[in-house]
Each structure stands twice: as structure tokens, then as C-alpha cells.
Amino acid sequence: MTKAIVSPPSQWVMQQAIIWPTNAYVLDFAAGSGRHSRALIALSDSQFKVLAVDQDEAALTELTTAFPTVKTHCQDLESEEAWQFASQQFDVVLVTNYLYRPKLAMLFDLVRPGGHLVYETFGVGNEALGKPSNPNFLLEPGELSAAMPANFILRDYFHGRVDQPKSAIIQRLAAERIV
């Protein structure tokens, strides 16, 4: 097995993690190589419980080999098949560098009352800076906050240019579900 190169976690995501409850159950949605799962577990062996979900079985296997306490689930998140974890609720639902609009509302449903949705991905304007450039993968300004249900409070929002770790247009949303 070829070992994947794992990018560092988002500094913004890690700042959000400071306010999450101890022992929070975190869903790392579309986890890829698990850069955030790895960073969250490395903070403290018992601070967070993590379920990493992705369609890349090899990446998930490598993640659990390196971090045995991370639970994983392999599934195509864009298929018509129901998510096998859809009946669960999580203290934190974390999504980075991923967008599939047809199921966006379902992500909010996965957050338990008092829990958090933390979402960071690319926005319109990124096509001028690099990939992704396909409009299907770029959020319009305000799109995440407009999708937020009434039973959520907006805690943080940003749509604009960042230059670290590389120049990109991103959108960030941190929201808390009202109890």
C-alpha cells in the first residue's frame, strides 16, 4: 500500500475545535485521508471520538492503521443509497473541501441539539486561482448560511480569499443547533 501524503489540518477548523465539548462525537464527512480526524485525535487520545466517512477505502484503512481509535465507514456519499449513519446524530459534523448540493440539507440533520456544523470549502472566484474551477464545486457567497435551517445559530462565517496554505477563495460556516 502506498502511503498517502496527508495535508495539515485547516487552522480555522482547529480553532473551532476549541469550543467543542470534551468527548464530542465528531463526524468527519468526506474525510479523504483523514487530515482532520488525525489532528483531532492527536489533540488528546480521549478528547474526541471520531467517525471518518469517505468512499476511499484505502485511505480509511490507512487512517485506522495510524489511528486505531478512529472509526471509519466507507460509502459513496453521493449515491442514491441512504447513508448508513443517517439515523445517528453527532456533536460535530465537519466538512472540508467537499460540496454535493443535493444532500447539503441532510448534513444539518446529522447535528444533535447543542451540536455544531463546521463547513469549509471553495467558493466562487476560486476558478481564477486554480482548482476546483467547476461551478458545481464552488459555493456562491452566502450559500451555506442561506441553507442553514432556522434551528441553527450562525457562530462564524467567511467568504473570501485566503493565501495559506495556498491562495484560494473559500467559504466557512460554523453553526450551532439550538437545543
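Here is what the cut-offs are and how they apply
- Residues numbered from 1 in each chain as written.
- Predicted model: local features only at pLDDT ≥ 70, side-chain atom pairs only at ≥ 80, totals over all residues.
- Heavy atoms only, no water.
- Pairing = 2+ DSSP bridges.
- Helix = DSSP H or I, 4+ residues; strand = E, 2+ residues; numbered from the N terminus.
- Axes fitted to C-alpha atoms, helices over the stretch in contact; angles between N-to-C directions.
- Contact = heavy atoms within 4.5 Å.
- Buried < 20%, exposed > 50% of the residue type's maximum accessible area, 1.4 Å probe, protein only.
- Polar contact = N/O pair within 3.5 Å; in protein donor to acceptor, adjacent residues only side chain to side chain.
- Salt bridge = Lys/Arg side-chain N within 4 Å of Asp/Glu carboxyl O.

Student: Would you mind showing me how to read the sheet that holds strand β7 (residues 168–177) here?
Tutor: Pairing between sheet strands relies on hydrogen bonds along the backbone, with the strands arranged either parallel or antiparallel. On the basis of which strands lie adjacent, the open sheet formed by seven strands has the order β3-β2-β1-β4-β5-β7-β6 and mixed pairing. Two strands bound the open sheet, and with one partner strand each, they are β3 (71–74) and β6 (152–162). Neighbouring strand axes in the sheet, compared pairwise and without regard to direction, differ in orientation by 15° on average. Bridge count between strand β2 (residues 48–54) and β3: four bridges; the pairing is parallel. Bridging across to β3, V53 finds its partner in H73. Contacting β1 (24–29), β2 and β4 (90–96), helix α2 (residues 35–43) crosses the sheet at an angle of about 170° to β2.

Student: Help me understand the side chain of S79, please; the structure alone is not making it clear to me.
Tutor: Relative to the elements of secondary structure, S79 occurs in the loop between β3 and β4. Under the relative-accessibility criterion, S79 is labelled buried at 17%. Of the polar contacts made by the side chain of S79, one reaches the backbone nitrogen of E81; its length is 3.2 Å.

Student: Help me out: how do you make sense of the pattern of salt bridges in this one?
Tutor: Going through the model one piece at a time under the given rule, you end up with six salt bridges. The salt bridge partner of R38 is E62, with a shortest N-O separation of 4.0 Å. You can see R38 sitting in helix α2 and its partner E62 sitting in helix α3 (residues 57–66), a full 24 residues away along the chain. Exposure class is identical for R38 and E62. Each is buried. Here E143 and R101 are joined by a salt bridge, their closest N and O atoms 2.6 Å apart. Linking E143 in helix α5 (residues 143–147) with R101 in the loop between β4 and α4 (104–109), this pair joins segments that are 42 residues apart in sequence. Classification of R101 by relative accessible area gives partly exposed; the value is 31%.

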